[in-house]
Amino acid sequence: MVFVDPISRKLKEELDTIARTDAPVLITGETGTGKEIAARYVHLNSARRSGPFLAVNCGALSESLVDAELFGHERGAFTGAITSEAGWFEAANGGTLLLDEIGDLPQRAQVKLLRVLQEREVVRVGSRQARPIDIRLIAATNVNLERAVEAKTFRQDLLYRLNVLTVKLAPLRKRKGDIAPLAEFFLNHYGARFGWPDASLSESALRKLLDYSWPGNIRELQNVIHNALLLAQDAEVTDVPLVETIAHEDDTIDFETNLRKTINEALARNERDVLKRVTQCAIICAFEREKANQVRAAEALGVTRNEFRTHLSHMGLIAQRKTAASPQKTTTEPRGATGLGVVRIGYQHFGTLAALHVLGSLDERLRPLGFRSRWSEFSSGPAILDAIGKGEIDFGVTGEAATVFALGTGVPFYYIGHEPPAPCDVGIVVTNRTIVSVDDLRGKRVAFSKWSNADHLLMSLLKGRGLSPTDIEPVYISPSLDLVAELEKGVIDAWAIWAPMLSIAGARHGARLLVDGVGQVQNRQFYVARRAFAIGYPNVIDALLKEVESVRDRRPVSLAPRLAETRGLNLDPAAAQRYFDSLEFQPRAMDENVISEQQEIADAYFSARHLPSRVLVSSAVWRSS
């Protein structure tokens, strides 16, 4: 650990004191602040240093097998238990056990954990024999367990048992003095691997690091240094790839201060209808949180049920009450000069919605419903979902991995439907003749768009070969044909990408297909919508899907060349037509098989700690009825 900043030096004194005891410890802090490293430091400086140190992520444990994982099981205790096995507690005997993300532990397991801490013994699943254990337990979490107790998702008596000693890790933005030594450590680590043992940061690059807010903390700093060395031209790093995200809130800032800041920023950007949008956001959040129970949602917001119903009615989420004095009016999105409501649609360079945009026929179908379309182009699916989360668009199409990550980060969207799978339309291309299999990607620089279907394919291929993302050098970058030149120069070793750029790279630039998605991924495209819009205007959603279906029936000959020219990729007419012919234009409802596929993807990413929390795909499926 690095203890340069005064806050960190004080932390070291605290950890040294804790290490001399044997009491349970609760470590809290934001994601990426080094909770596991702090736990390991306590272990290595304790009397148990010669014993094992084991860390288990509670959020990654299957709820049906959590007891067997933690406390062990006997042979035949459940289907698949062909041998008796010790659990994490027995395996850590004589040493230290870290239960990371303790807040994600199911409540049933919380009861058993409480008894284990009280009795200092475990009973395996399928057995009645108690087995004594001798461990030190350290728990870690990035959530407020006191609030979890209030929400009745965490047991108060268990919290009392865990927080005998409490350590709170400060975020990196509050201990600026650690940034330079941590950066130097990561420079030395990755510099040695890349053949630059004398790697260093320029003054401007270091200043950029010091001025950054570090929402991802130490883990983000590590990734930034890693990527900076991948992209550097020599041993002195003159630029660092920082991407400003939503700033983390200081613990001392209260709700009203944060709300005031958000509103001031919106006003500074000249956002329109700020009051209306803030009010609608509060209504929708409460309505969804209370599962459409109007009484509880109204109570949560501190308004009467009648007031709440009035808001729902104005937003089109429930039918307005008819009165004898006035006829019922319908409500729509803000209207423009045409008097029509606006459907804001996001589309990517190619695909079904890009074709719909080029045809220009959607407005004819929307006009009888009182709407018109407004189109925005995006480079990737994650960008479309980000725009939905910000309330900038209402409808779009994206891939199977991006939707899962959007759920994990709280984007309020619905799965509306999906296109048939196209596994051959995603793959990995290379120019290096020495790379002939996925195994050869070990230690190689692989470029891909984060959270994309290409990301999902790459992770699936690595897992199938017993590899992990740490076995490659990831280069996160938006899709561009310029990357083929980077392949040829050896700046990157492989590129995970999707059609039509997948075929363009091979046909025009000599890149070779290493592997595609056949037998690995489904590579589905999903139609997604902003939740408030889908709830309020189901008839518009139906009209959008019907217009997509109509393209399948029409398939105008002139569309493919126009699509290629509009996107600026300069496809030859034959290649453009082949890609256009491969599109199904068959939006299908989300059935149980597709939902199950998506849930498997979500669970895999959560187990790999790529998602901040477990997500339930079925909760985000739109039911038009």
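Residues numbered from 1 in each chain as written. Predicted model: local features only at pLDDT ≥ 70, side-chain atom pairs only at ≥ 80, totals over all residues. Heavy atoms only, no water.

1. Let's talk about the packing of helix H18 (residues 400-408) against helix H26 (residues 592-607)
Part 1 of the argument: Direction vectors running N to C along H18 and H26 enclose 60 degrees, while the axes themselves pass 10 Å from each other. Compared by their axis directions, H18 and H26 come out oblique. At the point where H18 passes H26, the crossing takes the right-handed sense. Between H18 and H26, the contacting residues are Glu400, Ala401, Thr403, Val404 and Phe405 on the first element and Gln598, Ile601, Ala602 and Tyr605 on the second.
Part 2 of the argument: Of the residues belonging to the contact of H18 with H26, the class tally is six nonpolar, two polar and one charged. (Axes fitted to C-alpha atoms, helices over the stretch in contact; angles between N-to-C directions. Helix = DSSP H or I, 4+ residues; strand = E, 2+ residues; numbered from the N terminus. Parallel < 35°, antiparallel > 145°, perpendicular 65-115°, else oblique. Left-handed = near helix turned anticlockwise from the far one by under 90°. Contact = heavy atoms within 4.5 Å. Nonpolar A, V, L, I, M, F, W, Y, C, P; charged D, E, K, R; others polar.)

2. Quick look at a nonpolar patch on the surface
Part 1 of the argument: On the surface, Phe255, Leu259 and Val278 cluster together to form a nonpolar patch covering roughly 270 Å² of accessible area.
Part 2 of the argument: Counting through the fold element by element, Leu259 comes out in helix H11 (residues 255-268).
Part 3 of the argument: Overall, Leu259 belongs to the partly exposed group, its relative accessible area being 33%. (Patch = residues over 30% accessible without salt bridge, like charges linked within 9 Å, V, L, I, M, F, W, Y side chains within 5 Å. Areas by Shrake-Rupley, 256 points an atom, 1.4 Å probe, with all protein chains shown as cover. Salt bridge = Lys/Arg side-chain N within 4 Å of Asp/Glu carboxyl O. Buried < 20%, exposed > 50% of the residue type's maximum accessible area, 1.4 Å probe, protein only.)

3. Examining the side chain of Ser373
Part 1 of the argument: Within the secondary structure, Ser373 is located in strand S11 (residues 371-377).
Part 2 of the argument: Taking the relative accessible area as the measure of exposure, Ser373 reaches 12% and is therefore buried.
Part 3 of the argument: Here Asp363 takes part through its side chain, which lies 2.6 Å from a polar atom of the side chain of Ser373.
Part 4 of the argument: In this structure Ser373 touches Val343, Ile345, Leu362, Asp363 and Leu366, once residues within four positions along its chain are discounted. (Polar contact = N/O pair within 3.5 Å; in protein donor to acceptor, adjacent residues only side chain to side chain.)

4. Some remarks on the sheet that holds S11
Part 1 of the argument: One open sheet holds the five strands; their spatial order is S11-S10-S12-S19-S13, and the pairing between them is mixed. Every interior strand has two partners, whereas the edge strands, S11 and strand S13 (413-418), have only one. Looking at each pair of strands side by side, their axes are set apart by 30 degrees on average, direction ignored.
Part 2 of the argument: Judged from the two bridges that link them, strand S10 (residues 341-347) and strand S12 (residues 395-399) form a sheet pairing that is parallel. Residue pairing across strands places Ile345 opposite Phe395, the latter belonging to S12. (Pairing = 2+ DSSP bridges.)

5. Considerations on the packing of aromatic side chains
Part 1 of the argument: Throughout the structure, instances matching the rule amount to 13 aromatic pairs.
Part 2 of the argument: Judged by centre distance (5.5 Å) and plane angle (65 degrees), the rings of Phe3 and Tyr41 are edge-to-face. Here Phe3, found in the segment before helix H1 (6-19), pairs with Tyr41, found in helix H2 (residues 35-44); they are 38 residues apart in sequence, far enough to count as distant.
Part 3 of the argument: Overall, Tyr41 belongs to the buried group, its relative accessible area being 14%.
Part 4 of the argument: Plain terms: the ring middles of Phe395 and Tyr527 are 6.1 Å apart, the flat faces sit at 15 degrees to each other, and that makes the pair stacked. Placement of Phe395 in strand S12 and of Tyr527 in strand S19 (residues 525-530) is noted, with a sequence separation of 132 residues between them.
Part 5 of the argument: Phe395 gets classed as buried once you look at its relative accessible area, which sits at 1%.
Part 6 of the argument: A relative accessible area of 0% means that Tyr527 is categorised as buried.
Part 7 of the argument: Among the aromatic residues, those joined into a cluster by ring pairs are Phe371, Phe533 and Tyr537. (Phe/Tyr/Trp six-rings, centres within 6.5 Å; stacked < 30°, edge-to-face > 60°.)

6. Comments concerning the sheet that holds strand S3 (residues 96-100)
Part 1 of the argument: Spatially, S2-S3-S6-S1-S7 is the arrangement adopted by the five strands of the open sheet, whose pairing is parallel. Every other strand in the sheet has two partners, leaving strand S2 (53-57) and strand S7 (165-168) as the edge strands with one partner each. Adjacent strand axes in the sheet meet at a mean angle of 20 degrees, parallel and antiparallel pairs treated alike.
Part 2 of the argument: Pairing between strand S1 (residues 25-28) and S7: four bridges, direction parallel. Counted as the bridge partner of Thr28 is Lys168 from S7.
Part 3 of the argument: Helix-sheet contacts for H1 involve S1, strand S6 (136-141) and S7, and the interaxial angle to S7 is about 155 degrees.

7. Describing the packing of helix H8 (residues 179-194) against helix H10 (residues 217-231)
Part 1 of the argument: Where H8 meets H10, the axes come as close as 9 Å, and the angle between the chain directions of the two elements is 45 degrees. Between H8 and H10, the angle falls in the class oblique. Both H8 and H10 take part in a crossing whose hand is right-handed. Residues Ile179, Leu182, Ala183, Phe186, Leu187, Tyr190, Gly191 and Phe194 of H8 lie in contact with H10, whose contacting residues are Ile218, Leu221, Gln222, Ile225, His226, Leu229 and Leu230.
Part 2 of the argument: Classifying every residue of the contact of H8 with H10 by side-chain character gives twelve nonpolar, three polar and no charged.

8. Thoughts on the nonpolar core
Part 1 of the argument: By size, the foremost hydrophobic cluster in this structure holds 65 residues, and its most contacted members are Ile388, Phe413, Tyr415, Ile428, Leu441, Leu458 and Trp495.
Part 2 of the argument: Sequence-distant contacts of Ile428, defined by excluding residues within four places in its chain, comprise Leu441, Leu457, Leu458, Leu461, Ala494, Trp495, Ala496, Arg512, Leu513, Leu514 and Val515. (Core = buried A, V, L, I, M, F, W, Y, C linked by side-chain atoms within 4.5 Å.)

9. Things to note about the side chain of Asp394
Part 1 of the argument: Positionally, Asp394 belongs in the loop between helix H17 (381-389) and S12.
Part 2 of the argument: Take Asp394: its relative accessible area is 0%, and that puts it in the buried class.
Part 3 of the argument: One polar contact links Asp394 to Arg530, side chain to side chain, over a distance of 2.8 Å.

10. Remarks on the environment of Ile135
Part 1 of the argument: Relative to the helices and strands, Ile135 is located in the loop between strand S5 (130-132) and S6.
Part 2 of the argument: Note on Ile135: relative accessible area 2%, which makes it buried.
Part 3 of the argument: Each C-alpha atom, one on Ile135 and one on Arg48, is 8.7 Å from the other, the two residues being 87 residues apart in sequence.
Part 4 of the argument: Setting aside chain neighbours within four positions, we find Ile135 in contact with Arg48, Phe89, Ala92, Asn93, Gly95, Leu97 and Arg120.

11. Observations regarding the confidence of the model for the protein chain
Part 1 of the argument: For the protein chain, per-residue confidence averages 82 on the pLDDT scale, and 88% of positions sit at 70 or higher.
Part 2 of the argument: This model gives residues 245-253 a pLDDT under 50, and the stretch forms 14 contacts once residues within four places in sequence are excluded.
Part 3 of the argument: Here residues 319-338 is modelled with pLDDT under 50, and outside its nearest four sequence neighbours on either side it reaches 35 contacts, counting other chains as well. (pLDDT = per-residue confidence, 0-100.)

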